[in-house]
There are 6 protein chains.
Amino acid sequence: MKVSVFRRAHFNAAHRLHNPDLSDEKNLQLFGLCNNPSYHGHNYVLDVKVKGEVDPQTGYVMDTKILKDVIKTEVQDKFDHRNLNLDTMEFKTLNPTAENIAIVIWQSLRKKIADSLELSVRLYETENNYVEFDGK
Amino acid sequence: MKVSVFRRAHFNAAHRLHNPDLSDEKNLQLFGLCNNPSYHGHNYVLDVKVKGEVDPQTGYVMDTKILKDVIKTEVQDKFDHRNLNLDTMEFKTLNPTAENIAIVIWQSLRKKIADSLELSVRLYETENNYVEFDGK
Amino acid sequence: MKVSVFRRAHFNAAHRLHNPDLSDEKNLQLFGLCNNPSYHGHNYVLDVKVKGEVDPQTGYVMDTKILKDVIKTEVQDKFDHRNLNLDTMEFKTLNPTAENIAIVIWQSLRKKIADSLELSVRLYETENNYVEFDGK
Amino acid sequence: MKVSVFRRAHFNAAHRLHNPDLSDEKNLQLFGLCNNPSYHGHNYVLDVKVKGEVDPQTGYVMDTKILKDVIKTEVQDKFDHRNLNLDTMEFKTLNPTAENIAIVIWQSLRKKIADSLELSVRLYETENNYVEFDGK
Amino acid sequence: MKVSVFRRAHFNAAHRLHNPDLSDEKNLQLFGLCNNPSYHGHNYVLDVKVKGEVDPQTGYVMDTKILKDVIKTEVQDKFDHRNLNLDTMEFKTLNPTAENIAIVIWQSLRKKIADSLELSVRLYETENNYVEFDGK
Amino acid sequence: MKVSVFRRAHFNAAHRLHNPDLSDEKNLQLFGLCNNPSYHGHNYVLDVKVKGEVDPQTGYVMDTKILKDVIKTEVQDKFDHRNLNLDTMEFKTLNPTAENIAIVIWQSLRKKIADSLELSVRLYETENNYVEFDGK
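These figures come from a predicted structure and were not determined experimentally.

**Focus: the packing of helix α2 (residues 64-79) of chain F against helix α4 (residues 98-110) of chain F**
Residue and element names in this part refer to chain F. The geometry of α2 relative to α4 is characterised by a closest axis approach of 9 Å and an angle of 140° between their N-to-C directions. Judged on the interaxial angle alone, α4 and α2 are oblique. Crossing geometry of α2 relative to α4 is assigned as right-handed. Only Val104, Ile105, Ser108 and Leu109 of α4 make contact with α2, whose side of the interface consists of Val70, Ile71, Glu74, Val75, Lys78 and Phe79. Here the residues of the contact of α2 with α4 sort into 7 nonpolar, 1 polar and 2 charged.

Written as structure tokens, this is what we have:
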């Protein structure tokens, strides 16, 4: 019997959508206002889902205080109050769409979560736009 | 590697729950206050989920500006500020329960979304009542 | 020392914006989609605020269970799952804009709340549109 | 074609995290502030999901008024305004973590929902911590 | 020109409504389920409002990081994961209604906020029940 | 009898807190992470409140479609998907704290709203940090 445990976290970051392999004209056509060279920003909301067996001793799938700390180290310390394009290694060349940010976060968290646990992330760019990635 | 992309939209509509093949007594018994002949209404909230491969050039599964336009044409232009029972072809005879509205919306969107993408819809009638349909 | 106590309630109703003293053309020009003769609807959210001295015996300004019952009798029993234009006395001739609904609700509640207590209402038609009335 | 129907409910309860088979020191180490012997509490939010075929006569998977009543009898009447550790049979010895509460609720609801319907529950302990259980 | 600055914080606590000067019968009659001797609990949400002139050098009315720390020391460290009736000095004899908790919090914060700033607090016991106190 | 009408709008922008009249060291000390030279960003939420008499012909204080258009022209077209420090005239030298952004928005809207109407704005930088300004 497996239970899924979710932990929510927040980070505020600047970004622009831009593929450096394409011309400026093509970038503007593809990304419109999101391509603004001066950047814009979001309050990102991240929901991390970990699924596994409940430990009979603790009643936990995973101690959410530990999950909270992993999210802080792997996500918030890197991205909060940062410019994703300028200040992070991950998005120096990778376009920081919500899809790509979710994949990067999933890959970063995957290394820190026990292999016996399934992992999925949901990332809200705004209330109206969000994405989900489970590694498959 | 597939990512799910979600887009939220809103529409406000009147409706009544009523099956014209049943007697008025049976309708009242089945649907209670929701059967009110003068109609009542809701602020519907629609979350559309599209799942597929991330395009390496754009970093998008699907441009959400396009998804937003499809939702506008297929859902909001038809249902927003309308009476579902009186003003729409879809619910002339079909009872506009949340279940049936979700199926109708899914079928309408399915024709406009690339076959390579999986489609699912979630429809909130109120904060406390919502439904989900993925075509299966 | 006065404390304000708030109680939230919900009702779902159909309405159309229409002033019967004006021509159909003028109504359409003024109210656009909201003038649809077949009606549309909303999930209305009502926040009622009552301000007064805290009773030293109970620690209450007013028992919110009583306030909840007053809101049920004066607002929800009249308006929930109703068509405001067709099914209510209050909006037979009065145009059911959010402003007018808030005034009608305030006047109805005012008679049932002790004179020593100040009364204010906030009414959400949608997340993006709401009004407030305090009788002044 | 199956649709999922969701119904949300609320209950407010006190609890402490404590495994009576472990020492006080071990409990404090495992559960920290949540182990406070005087208890603390939460506004729990429960989303119950029922998935099945849509009845062609009613347009319902399951009448949500009936689902609402089942949740009231099986969950709210037992847990609302209660101390989970002291006032309930279920958590006399079982540690009331969100995971265990979700499992207990699922098991209780499962007996009252038709076998043809799939059942899943999501339980929010706070906005930032929630769990999901579908019986598998 | 004065601007109001708001900071939101959360704490989870157990309580019961009980006036020790009254009989058990009277307490039960006044407070019903909220009088449960084993306690129940809430996720309290606190919005603190500070109003004053904007400092031309910083563009701040008050540094919200400092306000956050004051709320932590004066409210969260005292009340979070506590039983208000058993674990706090403030509610040993004072009935912990939302009204009284708001007054206690306001009085505690008032001593730590500069006299030049106006102070008001809003406390949510649930989404549907909340109170406001500004010291007047 | 006056009613207040509220309209909500959203914009996503990058900014950094920085007072060009102060040294870099002083800026870093005052604003910490918010001083990041590469900027960070937010999903700003703006609630505009207009208070006045209800027009007996329309039942409106002010047509919220017009208010929506004014907010679009005066706020969203200027700030949405922009870098407040780099892309706007208003914050070339003025530090874009929530307080200052609210004042700038109020001043901009004030010129477009009839003098007979009172105006107030609330600006959310995050769920936990927001400000309010009414021109006094």
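**Observations regarding helix α1 (residues 24-31) of chain F**
An α-helix turns once every 3.6 residues. As a result, residues three or four positions apart point the same way. Among the residues of α1(F), those classed as buried are Asn27(F), Leu30(F) and Phe31(F). Angularly, the buried residues of α1(F) cover 75° about the axis, an arc narrow enough to put them on a single face. Exposed side chains of α1(F) directed beyond 90 degrees from the buried face belong to Glu25(F), Leu28(F) and Gln29(F). Turning to α1(F), the residues buried within the fold contact α2 (64-79) of chain E. Just past α1(F), the residue Gly32(F) takes up positive phi, approximately 55°.

**Notes on the relation of the copies chain B and chain A**
Overlay of chain B on chain A (RMSD 0.0 Å): rotation 120°, translation along the axis 0.0 Å. One copy is carried onto the other by what is essentially a three-fold rotation axis. In terms of proximity to the rotation axis, the leading residue of chain B is Glu127(B), whose C-alpha is 8.7 Å off the axis.

**Points about the arrangement of the chains**
Separated throughout, chain A and chain E approach each other most closely at a C-alpha pair spaced 14 Å apart. Here chain B and chain F are not in contact; the least distance found between their C-alpha atoms is 14 Å.

**What to know about the packing of aromatic side chains**
Ring pairs (aromatic) are described by centroid distance and by the angle formed between their planes. Residue and element names in this part refer to chain C. One pass over the full model with this rule turns up 42 aromatic pairs over all chains. With a centroid separation of 5.4 Å and an interplanar angle of 75°, the aromatic rings of tryptophan 106 and phenylalanine 133 are classed as edge-to-face. Remark: phenylalanine 133 occurs in strand β5 (residues 129-133) and tryptophan 106 occurs in helix α4 (residues 98-110); sequence separation between them is 27 residues. Its relative accessible area of 14% is what places tryptophan 106 among the buried residues.

**Re the interface of chain B and chain A**
Between chain B and chain A, the contact holds 23 residues from the first and 21 residues from the second. Carbon and sulfur atoms make up 50% of the surface buried where chain B meets chain A, a total of about 1,800 Å² over both sides. On the chain B side of the interface with chain A, the three residues burying the most area are Met1(B), Phe6(B) and Gln57(B), jointly 32% of the side's total. Where chain B meets chain A, there are 0 salt bridges. Summed over the shared surface of chain B and chain A, the result is 10 residue pairs in polar contact (both at pLDDT 80 or more). Those elements that provide at least two residues to the side of chain B that touches chain A are β1 (2-15), β2 (40-53) and α2 (64-79) of chain B.

**Considering α2(E)**
Residues and elements named next belong to chain E. At lysine 72, α2 is bent by approximately 40°, the largest bend along its length. Of all the residues in α2, the buried ones are Thr64, Leu67, Val70, Ile71, Glu74, Val75 and Phe79. Where α2 begins, one side-chain oxygen reaches toward the backbone nitrogen of lysine 65, 2.8 Å away; that side chain belongs to aspartate 63. Immediately downstream of α2, the backbone of histidine 81 shows phi near 55°, a positive value.

**Describing the interface of chain A and chain F**
How big an interface is tends to be reported as the loss of accessible area on association of its parts. Residue-level contacts link 21 residues of chain A with 21 residues of chain F. When chain A packs against chain F, close to 1,600 Å² is buried across both sides, 51% of that on carbon and sulfur atoms. For chain A, the biggest contributors to the area lost against chain F are Ser38(A), Asn43(A) and His81(A); these three give 34% of the whole. Connecting chain A to chain F are 17 residue pairs in polar contact (both at pLDDT 80 or more). Contributions of two or more residues to the side of chain A that touches chain F are made by β1 (2-15), β2 (40-53), β3 (82-83) and α3 (84-87) of chain A. Among the residues making up the side of chain A that touches chain F, the classes are represented as 6 nonpolar, 11 polar and 4 charged.

**A word on the pattern of salt bridges**
On inspection of all chains with the given rule, the structure shows 48 salt bridges over all chains. Notably, a salt bridge pairs Arg122(E) with Glu132(E), separated by 2.8 Å at the nearest N-O pair. Residue Arg122(E) is located in strand β4 (residues 118-126), and its partner Glu132(E) is located in strand β5 (residues 129-133); the two are separated by 10 residues in the primary sequence. When its relative accessible area of 21% is taken as the criterion, Glu132(E) is described as partly exposed. The network of salt bridges with shared partners includes Glu74(A), Lys78(A), Glu90(A) and Lys112(A).

Parameters and conventions
Along each chain, the written sequence defines residue order, and numbers are assigned to residues from 1. Each chain takes a letter, starting from A, and each ligand takes a number, starting from 1, following the order in which they are written. Per-residue local features of the predicted model are confined to residues with pLDDT of at least 70, and side-chain atom pairs are confined, for both listing and counting, to 80 or more; whole-chain, interface and lining totals are unaffected and use all residues. Processing note: side-chain calculations cover all non-hydrogen atoms of the structure and skip hydrogens and water entirely. Convention adopted: a line fitted to C-alpha atoms gives each axis, helices being fitted over their contacting stretch, and angles between N-to-C directions are expressed from 0 to 180 degrees. Helix numbers and strand numbers start at the N terminus; a helix is a DSSP run of H or I with at least 4 residues, a strand a run of E with at least 2. When describing relative orientation, an angle under 35 degrees is termed roughly parallel and one over 145 degrees roughly antiparallel, while 65 to 115 degrees is termed roughly perpendicular and anything else oblique. The handedness criterion is simple: a crossing whose near helix is rotated anticlockwise from the far helix by less than a right angle is left-handed, and one whose near helix is rotated clockwise is right-handed. A contact between two residues is defined here by any heavy atoms of the two lying within 4.5 Å. When residues are grouped by polarity, Ala, Val, Leu, Ile, Met, Phe, Trp, Tyr, Cys and Pro land in nonpolar, Asp, Glu, Lys and Arg in charged, and all others, Gly among them, in polar. Remark: exposure states derive from per-residue accessible area (1.4 Å probe, protein chains only) relative to the maximum for the residue type, with buried under 20%, exposed over 50%, and partly exposed in between. By construction, the arc corresponds to the directions joining the helix axis to the C-beta atoms. When the copies are superposed, the least-squares fit draws on C-alpha atoms of residues that have pLDDT of at least 70 in both. Note on aromatic contacts: the rings of Phe and Tyr and the six-membered ring of Trp form a pair at centre separations within 6.5 Å, being stacked when their planes are under 30 degrees apart, edge-to-face when over 60 apart, and tilted otherwise. Buried area: the sum, over both parts, of the accessible surface (1.4 Å probe) that disappears when the two are put together. Each salt bridge in this description consists of a side-chain nitrogen of Lys or Arg and a carboxyl oxygen of Asp or Glu lying within 4 Å of one another. In protein, a polar contact requires one atom able to donate a hydrogen and another able to accept it; more generally it is a pair of N or O atoms within 3.5 Å, and residues adjacent in sequence count only if both atoms are side-chain atoms. Values of bend correspond, residue by residue, to the angle between axes fitted over the seven residues ending at that residue and the seven starting there.

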